[in-house]
Amino acid sequence: MSSDETPNVPTPSHSRAAVREKAQQVNAQQSRARIMRRVIIAVVAIVVVGAAGGAVAWAVGSAVSKPSLSPSNLKDDGVEVTKGDLASARAASTPTPSPSSAAAPSATASSTPTPDPTSSSGPVDIHVYVDYLSPGAGDFERANAKQLATWVDQEAATVTYHPVALLTANSNGTKYSLRAASAAACVAARQPDVFYAYNHALLIDQPKQDTDGKSDKELVKLAVDSGVKDAEGMRGCVEDGTYDSWVKDVTQRAVDGPLPGSKKAALSGAPTIVVNGQVYAGSLTDAAEFSQFVLSVASDSYYGTPGPTITPTPSPTVTP
């Protein structure tokens, strides 16, 4: 008996045609998918390259729009103290630059002879490199500020302070050395007659190493207390880090050397005090010893002959 339930199987030729058609459809779909993926990858690449180019252009534009600034009226990358600066410091509400009570005995008139201001070799040239986080820089300032001011008043010496940043990594990530030196540069640029008072205040009221140091707000307040009149402008200068690049540049130049007046000396620590090109290697807390060193250097400059030995075994603080 015949049955109608036999499936309707296509003939072999029809089956091969159907397979070819199906394969063509699949190939077409895969081709379209590959093309789409290539288009997407190309678009993403264009976007990425465009974004990178935009970032580079922004960085370059920012560098051009914010050039590395430096305070005006500098002397060998430092700020020279003048009689007018001393007068402003005395008139400011901050303490008048003077040694602390501990250093007072070594800063009396009898123990701090003044270099001869009439020497034909001219005033003694003193450069003081200070990092505002360096305890030694504070010690030197407390012991010698009074006699340095006296020498400037009597035109026996020129004194130039150099804010540097060697201890930027020693303030819990706040970069206090850099910020404080940059703030000092802000004062030197905006109101130079107040720089000496501000520099002195930063040195006698130092934070300890491995602490956060003073905040930007505190640095601005100290500047105002020292005599800066434009508090808002000072705030903007400090918060923007206007002179950060300048501080980094001058610090590197000092590290590379040579320091002013010397042939080989370079900065390796702060404070570093250079007198007529010679690096002071004595006590940072003994004003009489520093005064003797200055007199010895002045004598060498005047007579052109070696002066008396200041310390039995001087050991330079910087590598020649």
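As annotated in an unreviewed UniProt entry, the protein chain is Serine/threonine-protein kinase PknE from Microbacterium azadirachtae.

Below, the discussion takes up unusual backbone geometry. Glycine aside, residues mostly have negative phi angles, and peptide bonds mostly take the trans form. Residue P258 is bonded to the preceding G257 through a cis peptide linkage, with omega at -5 degrees. With respect to the helices, strands and loops of the structure, P258 is situated in the loop between α8 (244-256) and β4 (272-275). The amide bond that connects A270 to the next residue, P271, takes the cis arrangement and shows omega of 5 degrees. By the secondary structure assignment, P271 is in the loop between α8 and β4. Even without being a glycine, D77 presents a positive backbone phi close to 70 degrees.

A separate point is helix α3 (residues 135-153). The end-to-end C-alpha distance of α3, which contains 19 residues, comes to 27 Å, matching closely the 27 Å that a straight helix rising 1.5 Å per residue would cover. Along α3, the sharpest change in direction is near 55 degrees and occurs at N144. Of the residues one or two after α3, E155 is the one with positive phi, at around 60 degrees.

Attention now goes to the sheet that holds strand β3 (residues 157-163). An order of β1-β3-β2-β4-β5 is seen for the five strands of this open sheet, with the pairing classed as mixed. Taken across any chain shown, the strands that pair with only one partner, and hence form the sheet edges, are β1 (79-80) and β5 (278-279). Across two bridges, β4 lies against β5 in antiparallel orientation. Its bridge partner lying in β5, V274 is registered against V279.

Counting 61 residues, the largest nonpolar core has I126, Y132, Y161, Y198, M234, V275 and F290 as the members making the most contacts within it. When residues in this core are grouped by element, the largest group, 10 residues, is from helix α4 (residues 176-190). Filtering out sequence-adjacent residues up to four positions away, Y132 remains in contact with P163, Y176, A180, A181, A184, F195, N199, L202, L203, Q206 and P207. If you look at the next biggest cluster of nonpolar residues, it comprises eight residues, including A254, L259, V274 and V279.

Cut-offs and rules
Residues numbered from 1 in each chain as written. Predicted model: local features only at pLDDT ≥ 70, side-chain atom pairs only at ≥ 80, totals over all residues. Heavy atoms only, no water. Helix = DSSP H or I, 4+ residues; strand = E, 2+ residues; numbered from the N terminus. Expected span 1.5 Å × (residues − 1). Bend = angle between axes of the 7 residues up to and from the residue. Pairing = 2+ DSSP bridges. Core = buried A, V, L, I, M, F, W, Y, C linked by side-chain atoms within 4.5 Å. Buried < 20%, exposed > 50% of the residue type's maximum accessible area, 1.4 Å probe, protein only. Contact = heavy atoms within 4.5 Å.

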